[in-house]
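Tertiary structure, described
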Amino acid sequence: MLPSVREMTALGKNDSLSFGQWSYIFWSVPTMCGVLVCLLVGLSGGQAKGAEVSAAQGAKPDIKVPLHVVYHRRHQPGWSGRRHKLVYGRQFVTDWQRYKQREAQRLEEKRKAAAVAAAIVARQNDRKKTATVLPDVINAVHSDAISDEVLTRKRYNPPSVKDQHFFGDWGGIQPWLVDHGISLLVSLNEELAGNLTGGKKRANSNAGQVGLELDIDWQKLAGLRNFKTHTIIVNGHGRSVSTEFGDTLAASQEIYGARGNVVAHLVAMYGERSFWKERVNLNVGWMPVGSFFAASPLFCDFMNVAICGNPGPNKYTNGNRDWPSGNLGMVVHVMPIRGFYVMGGLFAVSPHGYNGGISGWSWAQDGLGKFSTPVELGWLPEFGRHHLTGHYKLGYSYDNSRYPDLYRDAYGQPFLLTGRPQRYRAGMNSAWFMADQMLLRHGPGESNGLILLGGAMYTDGKTVSVHEHEWLGLLETGRLWNRPLDTVGVMWQHLGISSSATHQQEASVLLGRPFLPNRWGAVDGVQSHENVYELFYSAHVARAMALQPDFQYIQRPSATTAYHDAAVFGLQFTVVL
């Protein structure tokens, strides 16, 4: 048995230690010293490492090193224990640093993605609170009384009240109006165009418009919950260059037409009431049908009237007229789930050339009594982590009015040959499919990226001369070349003439009679189809101001071979005062 410490100190100088006692002293003393040194070194090193890790983590001490980072060395081939224990501490620090770098990169990417998503949501919420309803709901366009949402929608942040007007906030008046639920916009649009080649003659002209839009949120103004009113009044001037060089189907200046020679032409005046957390929206009053149905805010980036605002031929029929002609009616918009909506309408049909008279204010016209009932289904998806937005719409409209057949009489024979009156057909049908999809995103915003758009619309060809319209185009913002408020676009359109209209014109040629006019105006030859190619660049030149050079190539003007193809150059100027 080994002696105790007391026994060892009690030994005299003549006493001797046994071999076991000397062995105990020889092995225990160095061992205890080594243990003490290791403890001291370990504590100091642990504190230093703890300080470094805490400093690296900052205010995030809850991040733990995964087990596969700490222990992965033990599961690698060649682990021999003692040799790897010597380098394990250094390897652990290296692995920890790499892990922290990967974690920091992952968090930064997640933060950026969250910032983009938050900016998109904030923009949408801000627009619902402060911006006008008409650019989204009624599709007020470039050339009409709009805010410069068209000019500023490519920004990362929603435009301020000051940015929405060329004259700023009007000395503090605009912010006060917005705070009280009043949005007042005055815009000016001028479009100069001329054909360098083709057509029946060389011509040029200017057409323009001054627009006024007044939107009132009555909840802010008077405490009436979820109720708003919208009014748009325009004054048009100028003449159409397309009419002069012989194209009546696809006018190169969308701003011209249907405004009448009056000081103030009424476009819209209606009330809007929302229910069920804005999932149900009811609109009642005087409003253009085509601004709700088969509409897109992208269409009036282009200058040709065949696509701007609302595609033809639907907007030229009595029951589905578009800007600036309104109809008495109502629209119900229901969004039962996110990203899907159902919309239906009921509109009075006016048999007159001008709805509401030439000024738009004569709502009680004679001949009312028939109705058009458009219906539209919409899917609004967002794809991928970049929220690539899309809009897909399928619609149908039925007008129960009676319209004359373009070719046959009551007995089914060509009325031009028999001399009998034209047959009248009950009801007019039209259908459409349209889509736009963002392919590449360059920042927050519904249109801040590369967008592909296309669609088709068909109308009853027995009563409407232009019975089909197909289009395909691309839009891109100028962010790639550091011009985020600019827009460039290209578009192809095809307008097809119905066989009934073509047969009627062939009969006129056979009989040697002049061609009968149609809804689009005079006819100069047998019609078949027309193609329109358009290229534009819209440049943001000042606050709430844009200048847009435009080129259009009109193949077969008025869908005939009576005139050569026309090359039209245009320049559009838009400013919101």
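Scope of this entry: the structure provided in the associated data block. (Residues numbered from 1 in each chain as written. Predicted model: local features only at pLDDT ≥ 70, side-chain atom pairs only at ≥ 80, totals over all residues. Heavy atoms only, no water.)

Regarding the overall build of the protein chain
Looking only at helices and strands, the protein chain features 11 helices and 17 strands. When each of the 577 residues of the protein chain is scored for burial, the buried share is 47%. Summed over its atoms, the accessible surface of the protein chain is roughly 28500 Å², and 63% of this surface lies on carbon and sulfur atoms. (Helix = DSSP H or I, 4+ residues; strand = E, 2+ residues; numbered from the N terminus. Buried < 20%, exposed > 50% of the residue type's maximum accessible area, 1.4 Å probe, protein only. Areas by Shrake-Rupley, 256 points an atom, 1.4 Å probe, with all protein chains shown as cover.)

A word on the nonpolar core
It is characteristic of soluble globular proteins that their nonpolar side chains tend to be buried jointly. Ranked by size, the top nonpolar core spans 30 residues in total, and within it Phe293, Val331, Trp471 and Leu475 carry the most contacts. Residue assignment for this core shows that the elements contributing at least two residues are β3 (227-238), β4 (265-275), β7 (340-349), β11 (422-441), β12 (449-459) and β13 (466-478). (Core = buried A, V, L, I, M, F, W, Y, C linked by side-chain atoms within 4.5 Å.)

Some words on helix α11 (residues 499-511)
The first and last C-alpha atoms of α11 sit 18 Å apart over 13 residues, in line with the 18 Å expected at 1.5 Å per residue. On its buried side, α11 packs onto β10 (388-409), α10 (415-418) and β14 (483-497). At the exit of α11 stands Gly512, carrying a positive phi of roughly 75°. (Expected span 1.5 Å × (residues − 1). Contact = heavy atoms within 4.5 Å.)

Topic: the state of the cysteines
Summed over all chains, the structure comprises one disulfide. The residue that forms a disulfide with Cys300 is Cys308, at a sulfur-sulfur distance of 1.7 Å. Its S-S torsion of about 90° marks the bond between Cys300 and Cys308 as right-handed, since a negative value means left-handed. (Disulfide = S-S within 2.5 Å.)

Let's talk about the pattern of salt bridges
Counted under the stated rule, the structure contains four salt bridges. For Asp409, the salt bridge is made with Arg420, and the minimal N-O distance between the two is 3.2 Å. Of this pair, Asp409 sits in strand β10 while Arg420 is found in the loop between α10 and β11, placing the two residues 11 residues apart along the sequence. Classification of Arg420 by relative accessible area gives partly exposed; the value is 38%. Among the salt bridges present, the one from Asp486 reaches Arg483, with a minimum N-O distance of 2.7 Å. (Salt bridge = Lys/Arg side-chain N within 4 Å of Asp/Glu carboxyl O.)

Overview of the packing of aromatic side chains
One pass over the structure, following the stated rule, counts nine aromatic pairs. Residues Phe166 and Phe167 carry aromatic rings whose centres are separated by 5.2 Å and whose planes lie at 75° to one another, so their mutual orientation is edge-to-face. Ring centres of Trp481 and Tyr537 lie 6.4 Å apart, and the angle between their planes is 35°; on these two criteria the pair is classed as tilted. Highlighted residues: Trp481 in the loop between β13 and β14 and Tyr537 in strand β15 (residues 529-542), separated in sequence by 56 residues. Classification of Trp481 by relative accessible area gives partly exposed; the value is 38%. In this structure an aromatic cluster arises from ring pairing among Trp379, Phe383 and Tyr392. Across the ring face of Trp276, the terminal group of Arg279 is positioned such that the distance to the ring centre comes to 5.7 Å. (Phe/Tyr/Trp six-rings, centres within 6.5 Å; stacked < 30°, edge-to-face > 60°. Lys NZ or Arg CZ within 6 Å of the ring centre and 35° of its normal.)

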